[in-house]
Amino acid sequence: MESSTLDRDLLDQLELIPEVELAGFSVREGLAGSGVTLLRGRSYIGSWRATDEELIWVPANLAEPGRTMPTVEEALRFTLLLILKNIEDKSPKPQRRAQAG
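Analysis parameters
- Residues numbered from 1 in each chain as written.
- Predicted model: local features only at pLDDT ≥ 70, side-chain atom pairs only at ≥ 80, totals over all residues.
- Heavy atoms only, no water.
- Phe/Tyr/Trp six-rings, centres within 6.5 Å; stacked < 30°, edge-to-face > 60°.
- Helix = DSSP H or I, 4+ residues; strand = E, 2+ residues; numbered from the N terminus.
- Buried < 20%, exposed > 50% of the residue type's maximum accessible area, 1.4 Å probe, protein only.
- Contact = heavy atoms within 4.5 Å.
- Pairing = 2+ DSSP bridges.
- Axes fitted to C-alpha atoms, helices over the stretch in contact; angles between N-to-C directions.

A. Quick look at the packing of aromatic side chains. Under the defined criterion, the tally for this structure stands at three aromatic pairs. Centroid distance W48 to F78: 5.8 Å. Interplanar angle 85°. Geometry classified as edge-to-face. Of this pair, W48 sits in strand β3 (residues 43-50) while F78 is found in helix α3 (residues 72-90), placing the two residues 30 residues apart along the sequence. Taken as a pair, W48 and F78 share a single burial class, namely buried. Ring-pair connections join several aromatic residues into one group, and the members of that group are W48, W57 and F78.

Take a look at the structure:
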């Protein structure tokens, strides 16, 4: 039987959240057969890779800082916050009304 790994556990947890897909994102196993890849439509957002003890986030924009998370729960929370931030960045900004004065 295949042993569970941090990246596999993270992928399993993200796949259980229907809002990830409903928001236009997808998660899948990395191309090398390990890790977790996060996409928005066809755009690559970044990926997680696992060591024996932690998960490492590598963003698509390498000018952004990477992150290291010691638990699946922390990596899951970070990923969900990242999705929310991406949704916020892409949504149209409400226009302010000019105040009559």
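B. The arrangement of the side chain of T37 in detail. Take T37: it is sitting in strand β2 (residues 36-40). Take T37: its relative accessible area is 9%, and that puts it in the buried class. For T37, the residues in contact, after removing those within four places along its chain, are S26, V27, R28, E29, G30, Y44, G46 and S47.

C. Spatial organisation of the pairing of strand β4 (residues 55-59). Most of β4 sits out of view: four of its five residues are buried. Pairing geometry for β3 and β4, over five bridges, is antiparallel. When the sheet's bridge partners are listed, R49 is paired in β4 with I56. A loop of four residues connects β3 with β4, the two strands running antiparallel in sequence. Sheet analysis places β4 next to strand β5 (residues 67-69), joined by three bridges and oriented antiparallel. Across the sheet, residue W57 finds its bridge partner in β5, namely R67.

D. Looking closely at the pairing of strand β1 (residues 25-29). Here β1 runs beside β2; their pairing, made up of five bridges, is antiparallel. By the bridge assignment, S26 is partnered in β2 with L39. In this antiparallel pair of consecutive strands, β1 and β2, the connection spans six residues, and G33 shows a positive phi of 90°.

E. Region of interest: the sheet that holds β2. Reading across the sheet, the five strands line up as β1-β2-β3-β4-β5 and stay open at both edges, with antiparallel pairing between neighbours. Among the strands making up the open sheet, the edge pair consists of β1 and β5. Sheet twist, expressed as the mean angle between neighbouring strand axes with direction ignored, is 20°. Inspection of the sheet shows β2 paired to β3 by five bridges, in the antiparallel sense. Residue V36 lies in a different strand from β3, and its bridge partner there is W48. Across the face of the sheet, helix α1 (residues 6-15) comes into contact with β1, β2, β3 and β4 while running at roughly 150° to β1.

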